Amino acid sequence: METQKKRWVYTPHKISVWRSIGYGINDMNGASWGTLVGSYLMFFLTTYGKLSAASVGMLFLIGKFLNAIMSMLAGSISDRLYATKIGRRFGRRHLLLLVGALLTIIFFPMLFIVVPGSFWWYLIAFVMVETANVIIGTAYETLATEMTPNADDRVKMSSIRLFISAFATFSVSALPATLLAVLGEGAEAYTISGIVFGIVFAVCTLITYRATWEHSPQEVEDFESANRSADAEKENSFVGSLRDYWEMLRNKSARYMVSIYFMTYFAKDCFSTAFLYYVVFVLGLTQTIGQGITSLSFIGMLVVPIAAYMLIKTKNPKVNWSTSFSLIFVVMAGFFVLSMMHGNLGKGTTIIVLITLGVLWQIGRQFLEYTAWQVIPLVPDVDTIVSSKLRTGTFAAVQSFTRQLTGALGSALLGFILQWGGFKEGALHQTAQAQDAILIVLILVPVIAIAIAWWMVARFNLNQRTHKILHAEIERLQAGGKKDEVDPHTKAVVEDLTGYTWDKVWQENK
């Protein structure tokens, strides 16, 4: 095992700006895929793939459900790969990055080839691309936690990652918008985009594969050996994996973070999925304009430094979240008013208002995403002080499962509501009931989800300050410190973050 520490995949380096870019560039893949599904995949499938809205909703629901299960398995597999020969050679996290990059470059372009009415073609392609994203995402979300325990370094890495994410969100809308303007509004623009993005996403994942590192097998064994129970072999079973997930979600911070993540991303996915339909069928504008408004996501790159400054200054993610939620409520009201008044405003004024609302949406969305990904890497440490284990892969799987679920429900919801509203695939004009169905998904559902998330944020106290206190206590206990010598303030912080009484944390012989 000792020789494994010498492999580059287990060798730590200084967290420089370039190293952070190498870490963050994988989000060209993750962020782009989520935006792509939300922005125009459903539109492409109903318009050019000639699938009904209900069929596309079912396709997304099946694909996301299968990969939600896969995400749970991937987390368990990732946490245990260090015990295998191939896992020790490539790294338990990095092996999954390699496999995911290979699947991406093969199956991603297939999703944007026009095969009219072929449900199974698109389902297989969708499931395979989702599988690639699941295993990449599960491995990727562990890296920040394993590369450094320093919260400030994690903020640097995540900030650069979110800057890249904003560029990725922009690129997946800007390229199709440009091609639509050049080639005309047809399927060719989407097919070319699919081929280009399949190659780019795979390359970006490979860059992250080489630029990052993880805990060595020896580090994992050393940390967990003192706390391994007599039933350790049972923990490697499927039942043991399910128990890991259950224990993770019993943790207060993990439970709240997953719930906030679900609600906010569900709101974002519903809005993004319905937006192009709103522009084309409610406002009566073109696909090119809709994609152009979506490409305003480049504003997110400008928002990241502001969001980072606010978080560093306040060390309180609640401020960032509240800023995001307030803006989103304003935007939702604006889109509703515009849907009622656009007929009296004229095309030019409608586009100006749409651009203004699009800018505000991108600012609110970027604050939302940035804040979530600053807090998520802190959560596994809250589990560690309860379980005495390094289960970053387990929490990453829970996050991945949640992301799959939000995407599935958002896309399926739009598909089923559109079908209920009498939406006709391939038609240039839709009924008033179909337009109302679009507004329900675009505005009403996100407002309800964000309101619930805001209520949860008010009760969630994990931040840079409390994490620093918690991590110092983990180091004290790991060094042999006695539980009954804990500082009273530290004890109160740990109990609040975990939801456990002090006698229930750091149980070494469970």
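Computed from a predicted model, the values in this text were never measured in an experiment.

Quick notes on the rules
- Residues numbered from 1 in each chain as written.
- Predicted model: local features only at pLDDT ≥ 70, side-chain atom pairs only at ≥ 80, totals over all residues.
- Heavy atoms only, no water.
- Helix = DSSP H or I, 4+ residues; strand = E, 2+ residues; numbered from the N terminus.
- Buried < 20%, exposed > 50% of the residue type's maximum accessible area, 1.4 Å probe, protein only.
- Contact = heavy atoms within 4.5 Å.
- Areas by Shrake-Rupley, 256 points an atom, 1.4 Å probe, with all protein chains shown as cover.
- pLDDT = per-residue confidence, 0-100.
- Expected span 1.5 Å × (residues − 1).
- Bend = angle between axes of the 7 residues up to and from the residue.
- Polar contact = N/O pair within 3.5 Å; in protein donor to acceptor, adjacent residues only side chain to side chain.
- Axes fitted to C-alpha atoms, helices over the stretch in contact; angles between N-to-C directions.
- Parallel < 35°, antiparallel > 145°, perpendicular 65-115°, else oblique.
- Left-handed = near helix turned anticlockwise from the far one by under 90°.
- Nonpolar A, V, L, I, M, F, W, Y, C, P; charged D, E, K, R; others polar.
- Salt bridge = Lys/Arg side-chain N within 4 Å of Asp/Glu carboxyl O.
- Core = buried A, V, L, I, M, F, W, Y, C linked by side-chain atoms within 4.5 Å.
- Phe/Tyr/Trp six-rings, centres within 6.5 Å; stacked < 30°, edge-to-face > 60°.

**Student:** Account for the overall build of the protein, with residues named and values stated.
**Tutor:** A tally of helices and strands in the protein yields 21 helices and 0 strands. Residues counted as buried form 60% of the 510 residues belonging to the protein. Put simply, 82% of the contacts in the protein that link residues at least 6 apart link residues at least 24 apart. Within the structure as shown, the protein displays about 19,500 Å² of accessible surface, and the carbon and sulfur contribution to it stands at 67%.

**Student:** Could you give me a rundown of the confidence of the model for the protein, with the residues and numbers involved?
**Tutor:** In this model, the protein carries an average pLDDT of 81, and 86% of its residues clear a pLDDT of 70 or more. Within the protein, the element-level pLDDT minimum falls on helix α10 (residues 232-235), averaging 46, and the maximum on helix α15 (residues 317-345), averaging 93. Counting contacts from residues 1-5, a segment whose pLDDT is below 50, to residues more than four positions away or on other chains yields 12 contacts. Within the model, the stretch residues 229-238 combines pLDDT values under 50 with 10 contacts to residues more than four positions away or in other chains.

**Student:** I'd like a rundown of helix α12 (residues 252-282), residues and numbers included.
**Tutor:** The terminal C-alpha atoms of α12 lie 42 Å apart, and with 31 residues this matches the ideal 45 Å at 1.5 Å per residue to within 8%. The sharpest bend along α12 measures roughly 35 degrees and falls at Ala-274. Taken across its 31 residues, α12 has 29 buried, putting it largely inside the fold. Where α12 begins, the side chain of Asn-251 points an oxygen toward the backbone nitrogen of Ser-253, at a separation of 3.1 Å.

**Student:** With reference to specific residues and values, describe the packing of α15 against helix α19 (residues 432-457).
**Tutor:** Where α15 contacts α19, the axes come no closer than 10 Å and their chain directions differ by 160 degrees. In terms of axis orientation, α15 runs roughly antiparallel to α19. In this structure, the crossing between α15 and α19 has a hand that is left-handed. Counted together, Lys-318, Trp-321, Ser-322, Phe-325, Ser-326, Ile-328, Phe-329, Met-332, Phe-335, Phe-336, Ser-339 and Met-340 of α15 and Leu-439, Leu-442, Ile-443, Pro-446, Val-447, Ile-450, Ala-451, Ala-453, Trp-454 and Val-457 of α19 form the full contact between these two elements. Looking at side-chain class alone, the contact of α15 with α19 contains 18 nonpolar, 3 polar and 1 charged residues.

**Student:** Explain unusual backbone geometry residue by residue, including any values.
**Tutor:** At Lys-50, a position not held by glycine, the phi torsion is positive, near 60 degrees. Relative to the helices and strands, Lys-50 is located in the loop between α2 (27-47) and α3 (53-80). In this structure, Lys-315 takes a positive phi of about 50 degrees despite not being glycine. As for its placement among the helices and strands, Lys-315 is situated in the loop between α14 (299-314) and α15.

**Student:** An account of the pattern of salt bridges is needed here, citing residue identities and associated values.
**Tutor:** Side-chain pairing between opposite charges can occur once the charged atoms of the two side chains come close. For the structure on display, the rule yields 7 salt bridges. The partner of Arg-161 in a salt bridge is Asp-27, and the shortest N-O contact between them spans 3.3 Å. Of the two residues, Arg-161 sits in helix α7 (residues 151-183) while Asp-27 sits in helix α2, which places them 134 residues apart along the sequence. Since its relative accessible area comes to 3%, Arg-161 is described here as buried. Given a relative accessible area of 8%, Asp-27 falls into the buried group.

**Student:** An account of the nonpolar core is requested, with residue identities and associated values reported.
**Tutor:** Ranked by internal contacts, the top residues of the largest apolar core, which has 122 residues, are Met-257, Phe-275, Tyr-277, Tyr-278, Phe-335 and Leu-354. The element that contributes the greatest number of residues to this core is α12, accounting for 22 residues. Ignoring anything within four residues of it in the chain, the contact list for Tyr-277 reads Met-42, Phe-43, Thr-46, Val-282, Leu-414, Leu-418, Phe-423 and Ile-438. Counting 15 residues, the second-largest nonpolar core is a separate cluster that includes Tyr-23, Leu-96, Tyr-140 and Leu-143.

**Student:** Give me the lowdown on the packing of α12 against α19, citing residues and values where you can.
**Tutor:** To describe two helices that pack against each other, one gives the angle between their axes and the distance between the axes. At their nearest, the axes of α12 and α19 sit 8 Å apart, and the two run at 160 degrees to each other. Looking at the two axes, α12 sits roughly antiparallel to α19. Taken as a pair, α12 and α19 cross one another with a handedness that is left-handed. Class assignment of the residues belonging to the contact of α12 with α19 gives a composition of 25 nonpolar, 3 polar and no charged.

**Student:** Break down the packing of aromatic side chains for me, citing the residues and quoting the values.
**Tutor:** Going through the model one piece at a time under the given rule, you end up with 20 aromatic pairs. When the centroid spacing of 5.2 Å and the interplanar angle of 85 degrees are considered together, the rings of Phe-108 and Phe-201 count as edge-to-face. Of this pair, Phe-108 sits in the loop between α5 (94-107) and α6 (119-147) while Phe-201 is found in helix α8 (residues 187-211), placing the two residues 93 residues apart along the sequence. Considered together, Phe-108 and Phe-201 belong to a single accessibility category, that of buried residues.

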